[in-house]
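# Geometric and topological summary
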Amino acid sequence: MEFGIFLNGYIPGPAAHDTDAEHTMLMRECEYVEVADRHNWKYAWFGEHHALTEYSHMSASEVVIGYCARVTERIHLGSAIVSLPPRKEHPVRIAERAAMLDHLTNQRYEFGTGRGAGSHEVATFNILSTEETKPEWDEVIREIPRMWEQRDYEFHGKHFTVPTPHNILPKPYGLGHPPIWVACGNPSTFAKAGSLG
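Residues numbered from 1 in each chain as written. Predicted model: local features only at pLDDT ≥ 70, side-chain atom pairs only at ≥ 80, totals over all residues. Heavy atoms only, no water.

### Structural notes on the pairing of strand β2 (residues 43-47)
- With 5 of 5 residues buried, β2 lies mostly within the body of the structure.
- On β2, burial covers both faces: Tyr43, Trp45 and Gly47 on one face and Ala44 and Phe46 on the other are all buried.
- The β-α-β motif built from strand β1 (residues 4-7), the intervening helix α1 (residues 19-38) and the parallel element β2 has right-handed crossover chirality.
- Relative to strand β3 (residues 76-80), β2 runs parallel, the two sharing 5 bridges. Of the residues in β3, the one forming a bridge with Gly47 is Ala80.
- After leaving β2, the chain enters helix α2 (residues 61-70) and then returns to the sheet as β3, a path that is right-handed. (Buried < 20%, exposed > 50% of the residue type's maximum accessible area, 1.4 Å probe, protein only. Helix = DSSP H or I, 4+ residues; strand = E, 2+ residues; numbered from the N terminus. Right-handed = clockwise from strand over helix to strand, strands pointing away. Pairing = 2+ DSSP bridges.)

Have a look at this one:
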């Protein structure tokens, strides 16, 4: 049996508006990861949420993962999730950071993805319909492994482009790439995750 911990940056009540309380919570959650690592837990998953007062103040999970990688030895550190709409962030930046974390964690990074289904959150990035994020995720998730594998990557898609050949760096550490996960909240996504392996 494997155990994991989920970190979301939850701060209830009036403390949600206090930066000292916010700082204490963030550092405490990093300490939880260190304790889980010492007790041989398998995973630490770091949520990524935006503009959700109280519920989550964890908006830059990759930064926290980098910090925790330095103070842990065994625990796998996962993004839960990196939302992939290209209007939020170009997929090349996502591929670069995931490969960098694969190096810095010594292959302990778990690349959790999703489309960003929370309407309030995606509206922060001027995405006004969550239905639009489905085809964007479909396009991006197939291209990131290609970015990691190809020396001269080029892509002309519906939702993003890399118009001329570029070598997207760094490449993941060693053979293969970080395990890829998808957040599933409904039966059609369960089926999609299974069909994509």
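### Quick word on unusual backbone geometry
- Residues Ala80 and Ile81 are joined by a peptide bond in cis, for which omega reads 15°.
- Structurally, Ile81 can be placed in the loop between β3 and β4 (82-83).
- You will see that Glu54, though not glycine, has its phi angle at about 75°, which is positive.
- Along the polypeptide, Glu54 turns up in the loop between β2 and α2.
- Unlike most non-glycine residues, Asn106 shows phi in positive territory, near 60°.
- Locating Asn106 in the fold gives a position in the loop between α3 (91-104) and β5 (109-114).

### Examining the state of the cysteines
- If you walk through the whole model with that rule in mind, you get 0 disulfides.
- You can see Cys68 has no disulfide; the closest cysteine sulfur is in Cys30, sitting 3.8 Å from it.
- Assessed through its relative accessible area of 0%, Cys68 is described here as buried. (Disulfide = S-S within 2.5 Å.)

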